[in-house]
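# Residue-level structure breakdown
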Amino acid sequence: MAAGPMKMRATLAGGYTDVRVLMTHPMETGQRKDAEGKLVPLHFIQNLTVKVNGRAVIEAQISQAVSRNPVFSFRLRAGAKGDKIEVSWLDNEGETNKTETAVV
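Residues numbered from 1 in each chain as written. Predicted model: local features only at pLDDT ≥ 70, side-chain atom pairs only at ≥ 80, totals over all residues. Heavy atoms only, no water.

### So, the sheet that holds strand β2 (residues 16-23)
A sheet is described by the order of its strands in space; here 3 strands give the open sequence β1-β2-β5, paired in antiparallel fashion. Strand pairing shows two members of the sheet lacking a second neighbour, β1 (6-13) and β5 (71-77), which therefore form its edges. In this sheet, adjacent strand axes meet at a mean angle of 15 degrees when their direction is disregarded. Bridging between β1 and β2 involves 8 bridges; their strand directions are antiparallel. (Pairing = 2+ DSSP bridges. Helix = DSSP H or I, 4+ residues; strand = E, 2+ residues; numbered from the N terminus. Axes fitted to C-alpha atoms, helices over the stretch in contact; angles between N-to-C directions.)

In structure tokens form, the structure reads like this:
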């Protein structure tokens, strides 16, 4: 399974911006076997970046311990309606993906 599209929502409430993003990714641990009994190689998101209006506000390293098609939620201080939120990732095979949305 290759990485696919992401879905994201960013809402402003009570002085905080809540961001929720669904990432389509196999997140293989390297411990599962396929139908032929061979180990499925590691394939997981390892770097995650969240930017607000082009400025990085979160940079995280994650591992294969995260489930397939992970959902991440972040709460950011302040923000304004219309601010551009961008979430991007890099996996251990060099694949990347990103999505962006405006705060509502």
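### Remarks on the pattern of salt bridges
The tally for this structure, following the rule as stated, stands at 5 salt bridges. In this structure, the salt-bridge partner of glutamate 28 is arginine 32, at a minimum N-O distance of 2.7 Å. Across the pair lysine 38 and glutamate 36 runs a salt bridge whose closest N-O atoms are separated by 3.8 Å. The exposure classification of lysine 38 matches that of glutamate 36, with both residues exposed. Residues joined by salt bridges that share partners form a network here, namely Glu28, Arg32 and Arg68. (Salt bridge = Lys/Arg side-chain N within 4 Å of Asp/Glu carboxyl O. Buried < 20%, exposed > 50% of the residue type's maximum accessible area, 1.4 Å probe, protein only.)

### Structural notes on the packing of aromatic side chains
Describing an aromatic ring pair means giving the distance of the ring centres and the angle of the ring planes. The tally for this structure, following the rule as stated, stands at 1 aromatic pair. The ring of tyrosine 16 has arginine 75 sitting right over it, with the charged end atom 5.0 Å from the ring centre. (Phe/Tyr/Trp six-rings, centres within 6.5 Å; stacked < 30°, edge-to-face > 60°. Lys NZ or Arg CZ within 6 Å of the ring centre and 35° of its normal.)

### Describing the side chain of threonine 49
Checked against the element boundaries, threonine 49 lands in strand β3 (residues 45-52). For threonine 49, a relative accessible area of 18% puts it in the buried group. Aside from chain neighbours lying at most four places away, what touches threonine 49 is Ala56, Ile58, Glu59, Glu86, Val87 and Ser88. (Contact = heavy atoms within 4.5 Å.)

### Some remarks on the nonpolar core
In terms of nonpolar packing, the biggest core is built from 20 residues, with Val21, Met23 and Ile85 touching the most fellow members. Mapped onto this core, the elements with two or more residues apiece are β1, β2, β3, β5 and β6 (84-91). Sorting elements by how many residues they give to this core places β3 first, with 4 residues. In contact with methionine 23, other than residues within four places in its own chain, are Met6, Ile45, Leu48, Asn69, Pro70, Phe72, Val87 and Trp89. (Core = buried A, V, L, I, M, F, W, Y, C linked by side-chain atoms within 4.5 Å.)

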